[in-house]
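Next come the chains, spelled out residue by residue.
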Amino acid sequence: MGISLSHTRYEEIKQIVVDLFVRYEVSCVPVNGFELATKMGVTVMPYSAIPESKRWLLFKKSEDGFCVEKNIGKWFIYYNDQKDYGRINNTIFHEIGHIVLDHSEDSELAEKEVKFFAKYALVPPVLVHKLRLNNPDDIADIFEVSYEAACYAYSYYRKWLQYGTSDYASYEITLLKLFRDVS
């Protein structure tokens, strides 16, 4: 069945995403991984910037992308620029998740955390609700994510509606204030 995260950990990750958005003044949809990484001081490098003779090493590491800390606190995200924008943006958020959540090793737990981090950062359910989006096509269009990611986001939004409380969590209120001009 695999590892699952506790409710508390999901809530912590949501708070971390919102704190990151506040710190780096992320306040428009779609959120942009390149912009956030730049504000964080992370260098973002496309695979195509690496000499072709060495590019196979990047693909050996990951088909999509990966991050590496070259000096203490100096991070680089390498990404496959042959993918479509939605996939690239997701990859960059995935890697930002590894950096922000301070993952020092690859593990099933770390992957579960960063997949949720990227999903929540790219399409927060409270913003789907604010924008009154009620299908994956609209989510894909507005948030500039792949249709597959939009389907996951829509499913997550439906669960949020069903199981969430009628009161917003404090981080959701913060997110709504931050994205107040989004309509």
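What this report covers is the structure whose coordinates are included nearby. (Residues numbered from 1 in each chain as written. Predicted model: local features only at pLDDT ≥ 70, side-chain atom pairs only at ≥ 80, totals over all residues. Heavy atoms only, no water.)

**Description of the packing of aromatic side chains**
Throughout the structure, instances matching the rule amount to 13 aromatic pairs. Aromatic pair Phe21 and Phe179: ring centres 6.0 Å apart, planes at 55 degrees, arrangement tilted. Of the two residues, Phe21 is situated in helix H1 (residues 7–23) and Phe179 in the segment after helix H9 (170–178); the sequence distance between them amounts to 158 residues. Aromatic pair Phe34 and Tyr79: ring centres 5.4 Å apart, planes at 80 degrees, arrangement edge-to-face. Linking Phe34 in helix H2 (residues 33–40) with Tyr79 in strand S3 (residues 74–79), this pair joins segments that are 45 residues apart in sequence. (Phe/Tyr/Trp six-rings, centres within 6.5 Å; stacked < 30°, edge-to-face > 60°. Helix = DSSP H or I, 4+ residues; strand = E, 2+ residues; numbered from the N terminus.)

**Some thoughts on the sheet that holds S3**
Ordered by their spatial adjacency, three strands build an open sheet running S1-S3-S2, and the pairing between neighbours is mixed. Bordering the open sheet on either side are strand S1 (43–46) and strand S2 (65–71), each of which pairs with just one other strand. If you compare each strand with its neighbour and ignore which way they point, the axes differ by 25 degrees on average. Pairing of S2 with S3 involves six bridges; the strand directions are antiparallel. Paired with Gly65 across the strands is Tyr79, a residue of S3. (Pairing = 2+ DSSP bridges. Axes fitted to C-alpha atoms, helices over the stretch in contact; angles between N-to-C directions.)

**Digging into the pairing of S3**
Within S3, five of the six residues are buried, leaving the element largely enclosed by the surrounding structure. The sheet contact formed by S1 and S3 spans four bridges and is parallel. Residue pairing in the sheet places Met45 in a bridge with Tyr78 of S3. Linking S2 back to S3 in an antiparallel pair, the connection comprises two residues, with Gly73 at a positive phi of about 80 degrees. (Buried < 20%, exposed > 50% of the residue type's maximum accessible area, 1.4 Å probe, protein only.)

**Section: the nonpolar core**
Core analysis: the largest hydrophobic core is formed by 53 residues, its most contacted members being Phe21, Leu36, Phe93, Ile96, Ile139, Phe143 and Phe179. For this core, the element with the highest residue contribution is helix H5 (residues 108–122), accounting for seven residues. Leaving out residues up to four positions away in the same chain, Ile96 has contacts with Leu20, Gly33, Leu36, Ala37, Met40, Ile77 and Phe117. Counting six residues, the second largest nonpolar core, distinct from the first, contains Ile50, Leu58, Phe76 and Tyr78. (Core = buried A, V, L, I, M, F, W, Y, C linked by side-chain atoms within 4.5 Å. Contact = heavy atoms within 4.5 Å.)

**A short note on empty space enclosed by the protein**
Taken as a whole, this structure holds one cavity of 30 Å³ or more when the rule is applied. What lines the largest cavity is simply Val26, Ser27, Cys28, Val31, Asn32, Glu35 and Leu36. In terms of residue class, the lining of the largest cavity is built from four nonpolar, two polar and one charged. (1 Å grid on protein atoms, 1.4 Å probe; cavity = no way out; pocket = protein on both sides within 12 Å on 5 of 7 lines; lining within 4 Å. Points joined across faces, edges and corners; volume = space filled by probe spheres on them. Nonpolar A, V, L, I, M, F, W, Y, C, P; charged D, E, K, R; others polar.)

**Description of the pattern of salt bridges**
If you walk through the whole model with that rule in mind, you get six salt bridges. A salt bridge links Lys39 to Glu35, with the nearest nitrogen and oxygen atoms 3.1 Å apart. Here Lys39 and its partner Glu35 are both found in helix H2, four residues apart, which amounts to about one turn of the helix. Note on Lys39: relative accessible area 36%, which makes it partly exposed. Judged by relative accessible area, Glu35 falls into the partly exposed class, the value being 36%. For Asp64, the salt bridge goes to Lys83, with nearest N and O atoms at 3.6 Å. Taken together, the residues span a long stretch of sequence, with Asp64 in the loop between helix H3 (52–61) and S2 and Lys83 in the loop between S3 and helix H4 (85–100) at a distance of 19 residues. Residue class for Lys83 comes out partly exposed when judged on its relative accessible area of 29%. (Salt bridge = Lys/Arg side-chain N within 4 Å of Asp/Glu carboxyl O.)

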